[in-house]
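Below, each chain spelled out in residue letters.
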Amino acid sequence: MLPEFAPQRTQLKDVLRSLRYTLRKGRDTVKETAPRRLPAPASGVALSALSELEVLARNVDHFVCDFAHSVLSDSATNSEGLREIVASERPDQKFSAAYYQTMKLVLDRLGARRALVSQSAARRAYTRRAHSQDVFELAVQLTLQLADDGSITIDKLDDRSPVTHSSIIVTAIFAAMLSLLAESDDADREAIISAATDLAAAFQATIQDLYQKKDITGLASLFKRCASHV
């Protein structure tokens, strides 16, 4: 894959994921409301249509997954941390891939049952960053830009989620960045993401407050403090 095609490739993946997200959302909405609100004959028709929509949703889901993995695959691996990404040849591309892969696990642990993550937003955040020798300050820059850029859409949160709906976005981004600050191999990457997510959830009020104040020093200090426990 030619490097110059990378931005378009990332955008295409986001378009396909958005299509899948929209179809799932529409299916769930029909499933949760329409059949129960209609009289018996119409309800049967609605359920039949819903069954066809379920099949369509699964087909689109399989297509998106297969196409993304076979044609639009990224070179980043789950074992690459932020330090390795910064030192790589295509850091913006690798960061966007690592962010997306990590965020999927973070959101699942936080109980986000229907969410959309923009890989293009992660790429933009990395290209817009100010150059910094401190990896924790870089993590703060990326956290602020990703939270401001609307990189995540969540419209369904589990009732048992450890975070509030108002704080989940910045908490999830903090957790993803915290896990990328840790050094690991493929074997323990998922465990590190889980630990980072739990830690971020415990500090959600502090994270939200520091984010709202755009307190770069405070967030960098919190990253350093938490990184030693991941």
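A quick note: this is a predicted structure, and the numbers were derived from the prediction, not measured. (Residues numbered from 1 in each chain as written. Predicted model: local features only at pLDDT ≥ 70, side-chain atom pairs only at ≥ 80, totals over all residues. Heavy atoms only, no water.)

## Digging into the confidence of the model for the chain
Next, step 1: Model confidence for the chain is summarised by a mean pLDDT of 82, while 72% of its residues fall at 70 or above.
Next, step 2: Looking at the elements of the chain, mean pLDDT is at its lowest for helix H2 (residues 40-70), recorded as 62, and at its highest for helix H9 (residues 204-213), recorded as 98. (pLDDT = per-residue confidence, 0-100. Helix = DSSP H or I, 4+ residues; strand = E, 2+ residues; numbered from the N terminus.)

## With respect to the pattern of salt bridges
Next, step 1: As enumerated under the stated definition, the model contains 10 salt bridges in all.
Next, step 2: Between Asp108 and Arg113 there is a salt bridge; the shortest N-O distance is 3.5 Å.
Next, step 3: For the salt bridge of Asp149 with Arg124, the shortest nitrogen-to-oxygen distance reads 2.8 Å. Linking Asp149 in the loop between helix H6 (135-148) and strand S2 (152-157) with Arg124 in helix H5 (residues 119-128), this pair joins segments that are 25 residues apart in sequence.
Next, step 4: With relative accessibility at 29%, the residue Asp149 sits in the partly exposed group.
Next, step 5: Overlapping salt bridges, with partners in common, bring together Asp108, Arg113, Asp158 and Arg160 in one network. (Salt bridge = Lys/Arg side-chain N within 4 Å of Asp/Glu carboxyl O. Buried < 20%, exposed > 50% of the residue type's maximum accessible area, 1.4 Å probe, protein only.)

## Topic: the environment of Phe136
Next, step 1: In this structure, Phe136 sits in helix H6.
Next, step 2: Contact partners of Phe136, with chain neighbours within four places excluded, come to Arg83, Leu181, Ala220, Phe223, Lys224 and Ala227. (Contact = heavy atoms within 4.5 Å.)

## Here's the deal with the packing of aromatic side chains
Next, step 1: Enumeration over the complete set of coordinates arrives at 3 aromatic pairs.
Next, step 2: Geometrically, the ring pair formed by Phe95 and Tyr126 is tilted, given 5.7 Å between the ring centres and 35° between the ring planes. Here Tyr126 lies in helix H5 and Phe95 lies in helix H4 (residues 91-109), a separation of 31 residues in the sequence. A single burial state applies to Phe95 and to Tyr126, both of which are buried.
Next, step 3: Through successive ring pairs, a cluster of aromatic residues spans Phe95, Tyr99 and Tyr126.
Next, step 4: The lysine or arginine in question, Arg83, covers the ring of Phe136, its NZ or CZ lying 5.9 Å from the ring centre. (Phe/Tyr/Trp six-rings, centres within 6.5 Å; stacked < 30°, edge-to-face > 60°. Lys NZ or Arg CZ within 6 Å of the ring centre and 35° of its normal.)

## A closer look at the side chain of Ser151
Next, step 1: On the secondary structure map, Ser151 appears in the loop between H6 and S2.
Next, step 2: Note on Ser151: relative accessible area 2%, which makes it buried.
Next, step 3: Within the structure, Ser151 has its side chain in polar contact with the side chain of Tyr99 (distance 2.9 Å).
Next, step 4: Within polar-contact distance, the side chain of Ser151 engages the backbone oxygen of Leu146 at 3.2 Å.
Next, step 5: Residues in contact with Ser151, not counting those within four places in the same chain, are Tyr99, Leu116, Val117, Ser118, Ala121, Leu146 and Ile173. (Polar contact = N/O pair within 3.5 Å; in protein donor to acceptor, adjacent residues only side chain to side chain.)

## Remarks on the side chain of Ser118
Next, step 1: One can find Ser118 in the loop between strand S1 (112-117) and H5.
Next, step 2: Residue Ser118 is classed as buried on the basis of its relative accessible area of 19%.
Next, step 3: Within the structure, Ser118 has its side chain in polar contact with the backbone nitrogen of Ser120 (distance 3.5 Å).
Next, step 4: A polar contact is formed between the side chain of Ser118 and the backbone nitrogen of Ala121, at a distance of 3.0 Å.
Next, step 5: In this structure Ser118 touches Asp14, Tyr99 and Ser151, once residues within four positions along its chain are discounted.

## Digging into helix H10 (residues 216-227)
Next, step 1: Here H10 is 12 residues long and its end C-alpha atoms lie 16 Å apart, about the 16 Å a rise of 1.5 Å per residue gives.
Next, step 2: Where H10 is concerned, the buried positions are Gly218, Leu219, Ala220, Leu222, Phe223 and Cys226.
Next, step 3: Measuring from the side-chain oxygen of the N-cap residue of H10 to the backbone nitrogen of Thr217 gives 3.4 Å; that N-cap residue is Asp215. (Expected span 1.5 Å × (residues − 1).)

## Quick word on the packing of helix H7 (residues 168-181) against H10
Next, step 1: At a closest axis distance of 10 Å, the pairing of H7 and H10 adopts a crossing angle of 55°. Our classification of the angle between H7 and H10 gives oblique. Judged by the twist between their axes, the crossing of H7 over H10 is right-handed. Side by side, H7 and H10 meet where Phe174, Met177, Leu178 and Leu181 of the first sit next to Leu219, Leu222, Phe223, Cys226 and Ala227 of the second.
Next, step 2: Along the lines of polarity and charge, the residues of the contact of H7 with H10 split into 9 nonpolar, no polar and no charged. (Axes fitted to C-alpha atoms, helices over the stretch in contact; angles between N-to-C directions. Parallel < 35°, antiparallel > 145°, perpendicular 65-115°, else oblique. Left-handed = near helix turned anticlockwise from the far one by under 90°. Nonpolar A, V, L, I, M, F, W, Y, C, P; charged D, E, K, R; others polar.)

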